[in-house]
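# Residue-level structural notes
Take a look at the letters that make up each chain.
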Amino acid sequence: MHDLRLVREHLDVLRDGFARRNALETLGPVLDRLEALERERRALITASEERKARRNLLTQEVAKRKQAKEDAADVMADARALGDEIARLEADLRATEGVVEGLMLELPNLPHPDVPAGDESHNAVRHAWGTPRADAVRPHWEVAHDHALLDLARGAKISGSGFIVYRGLGARLVRSLLNFMLDVHTREHGYEETWVPLVVNRASMVGTGQFPKFEEESYALAMDEGYLIPTAEVPVTNLYRDEILDAHDVPRGFCAYSACFRREAGAAGKDTRGLLRVHEFDKVELVRYARPEESDAELEALTRHAETILERLELPYRRLLLAAGDTGFSSAMTYDLEVWAPGVGKWLEVSSCSNFRDFQARRANIRFRPAAGEKPRFVHTLNGSGLALPRIIAALLEHGQQPDGSVRIPAALASYLGTDRIG
């Protein structure tokens, strides 16, 4: 969420930022309405304060008349009338503020100055590692079938399309990857491991920007007014919602494994085979709280932590700086990490590493006190996948294929899996 002062004093900054996102045509009318509502809100505040001041004078006059044993009925009637008018103005103010807050929640973050304007065609490759495999290999779902790693048919039977059953060595591969990633991030990168609920309340979804923008893509628990998380970012970022951290608590980092649930509304028919697009998947998430002046450097560090996992898994990847029009709703700046999947012949996004600046912190009211006696400031929040498993497994099965039909397992993972080869 943005500071309301931007609407009041720097509307041009919002217009410019949304233009860079290619969203001004949609959001321009919202800004126009917000500008009018903000004028109305401030007029209501002024009118209410003026009437309260007049009522105070009348109250003083009533006291004087009573002290002088004079009739004060007419003044008391005027004071009651003012009270009724103040109540009406305050009701109008609450209603206006509710509309303003709802509209403010619809506004995306402003892009970082270093983010290029435009749509996804303006995404820029910032870094690449490894050599993508160029020879012909089979798609991962065929390899997984041959080695009994996945049971797609029974996953669809018990839950529906987009839900996966891993079996045997496939299930152990999932567990091995999770343990490997968590060990690296906690032991080498300094993250605090957390184990968080898979169900959150509405305030948590609003706090990180999932609601109201992406509400249709969530799985709602109607009986309990809870929601299955789309990512561990939601509960982890909200750990300190409505709290003020001490100076020594920032910066700090958290990591968490969780299952993730996404309806993927609007994605029907896209990448439906194998593991490329599913409704439930496993992921290790990285979340950081940073001081505002350090968040750019923190993004570079967090992204590097995710890249370390890819390098140890020996998966060729590239880092993309997303253009403003392709950057997520809550993010100011995002790097996508993509691995090459030779069996399907495409780059697969396996992590989005984002700096949200104070956008999420304002929504969730997460602040820190820079020093004793100083005014609290909003933290900057960051997160990234470290990593998401389904496409990592797809890339491992495709990159690791051997002439005899087996799949080579990278050395860094072999000790966790208990073998350096599948098949």
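Quick note: structure is the one above.
First, a word on scope: everything that follows refers to the structure included in this document.

The rules behind the values
- One numbering rule holds for all chains: residues counted from 1, following each sequence as written.
- Note on the predicted model: pLDDT of at least 70 is required for a residue's local features to be given, and 80 or more for side-chain atom pairs to be given and counted; whole-chain, interface and lining totals, by contrast, use all residues.
- Hydrogens and water molecules were not included; the side-chain quantities draw on all heavy atoms of the structure.
- Secondary structure counts use DSSP, requiring at least four H or I residues in a row for a helix and at least two E residues in a row for a strand, with both numbered from the N terminus.
- Each residue is placed in one exposure class: buried if its accessible area under a 1.4 Å probe, protein chains only, is under 20% of its type's maximum, exposed if it is over 50%, and partly exposed if it falls in between.
- Residue contacts are counted whenever heavy atoms from the two residues lie within 4.5 Å of one another.
- Per-residue and other accessible areas were derived by the Shrake-Rupley procedure at a 1.4 Å probe size, with only the shown protein chains allowed to occlude residues.
- Asp and Glu count as negative and Lys and Arg as positive, but His and the ends of the chain are not part of the count.
- By convention, the charge on Lys lies at NZ, on Arg at CZ, on Asp at CG and on Glu at CD.
- Strand pairing requires that DSSP identify at least two bridges connecting the strands.
- We count a salt bridge whenever a side-chain nitrogen from Lys or Arg sits within 4 Å of a carboxyl oxygen from Asp or Glu.

Counting secondary structure elements, the protein chain contains 13 helices and 16 strands. When its C-alpha atoms are laid out on the principal axes, the protein chain stretches across 105 × 45 × 45 Å. Buried residues in the protein chain amount to 50% of all 423 residues. Summarising the internal contacts of the protein chain: among those between residues at least 6 apart in sequence, 74% fall at separations of at least 24. About 19900 Å² of surface is accessible on the protein chain, with carbon and sulfur atoms providing 48% of the total. Here the protein chain holds 56 positive side-chain charges and 66 negative ones, and the gap between their average locations is 2 Å.

Attention now goes to the pairing of strand β8 (residues 280-290). If a strand is regular, its side chains alternate between the two faces of the sheet. Most of β8 is tucked away, with ten of its eleven residues classed as buried. One ladder, built from ten bridges, connects strand β7 (residues 252-261) with β8; its direction is antiparallel. When the sheet's bridge partners are listed, Ala256 is paired in β8 with Glu285. Inspection of the sheet shows β8 paired to strand β14 (residues 380-388) by seven bridges, in the antiparallel sense. The residue bridging Arg288 from the neighbouring strand is Leu382, located in β14.

Let us now look at the pattern of salt bridges. Counting across every chain of the model gives 34 salt bridges. The salt bridge partner of Asp249 is Arg252, with a shortest N-O separation of 3.8 Å. Residue Arg319 is joined to Glu307 by a salt bridge in which the shortest nitrogen-to-oxygen separation is 2.8 Å. Of this pair, Arg319 sits in strand β9 (residues 317-321) while Glu307 sits in helix α10 (residues 295-312); the two residues are twelve residues apart in sequence, bridging distant segments of the chain. Accessibility assignment for this pair places Arg319 and Glu307 in one class, buried. Sharing partners across several salt bridges, the network here consists of Glu300, Arg304, Glu307, Glu311 and Arg319.

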